[in-house]
Amino acid sequence: MIDGVNDSDAQARLLAKEARRVGAHVNLIPLNHVEERDFAPSPPERLRAFEALLRQEGVNVTVRRTLGGDIDASCGQLRKKTAEGR
């Protein structure tokens with residue numbers, strides 16, 4: 001979930017429509033911060049609102065917790081550090 005990029009109510013409704021169509025369970029994963037990028041994770045209140053809208057639309061959803069960010073080892077961060085080391 002990227003703040004201001006893919007976390008709007010309109011995007012939640014579009015996702016809900018597709019998830020219902022295919023019977024998908026949706027995992028919401030907050031973006032892992034990468035220092036060299038201008039993107040930020042969705043704020044917790046926006047994430048909760050997005051989740052609530054999906055549930056209201058009848059979609060099974062899980063908000064994933066983020067791990068490893070404090071040591072630059074979460075998804076996307078480790079690859080970035082490894083690529084820089086080459």
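Note that the structure is a prediction, hence the values are computed from the model and not measured. (Residues numbered from 1 in each chain as written. Predicted model: local features only at pLDDT ≥ 70, side-chain atom pairs only at ≥ 80, totals over all residues. Heavy atoms only, no water.)

Tracing the sequence through the fold places Val 5 in the segment before helix H1 (9–22). With a relative accessible area of 44%, Val 5 lands in the partly exposed category. With 34 residues separating them in the primary sequence, Val 5 and Phe 39 have C-alpha atoms 8.6 Å apart. Aside from chain neighbours lying at most four places away, what touches Val 5 is Gln 11 and Phe 39. (Helix = DSSP H or I, 4+ residues; strand = E, 2+ residues; numbered from the N terminus. Buried < 20%, exposed > 50% of the residue type's maximum accessible area, 1.4 Å probe, protein only. Contact = heavy atoms within 4.5 Å.)

Below, the discussion takes up the packing of H1 against helix H2 (residues 44–56). Closest axis-to-axis distance for the H1/H2 pair is 9 Å, and the angle between their directions is 35 degrees. In this structure, H1 crosses over H2, and the sense of that crossing is right-handed. Touching Asp 9, Gln 11, Ala 12, Arg 13, Leu 15 and Ala 16 of H1 are Arg 46, Phe 50, Leu 53 and Leu 54, all from H2. Split by residue class, the contact of H1 with H2 holds six nonpolar, one polar and three charged. (Axes fitted to C-alpha atoms, helices over the stretch in contact; angles between N-to-C directions. Left-handed = near helix turned anticlockwise from the far one by under 90°. Nonpolar A, V, L, I, M, F, W, Y, C, P; charged D, E, K, R; others polar.)

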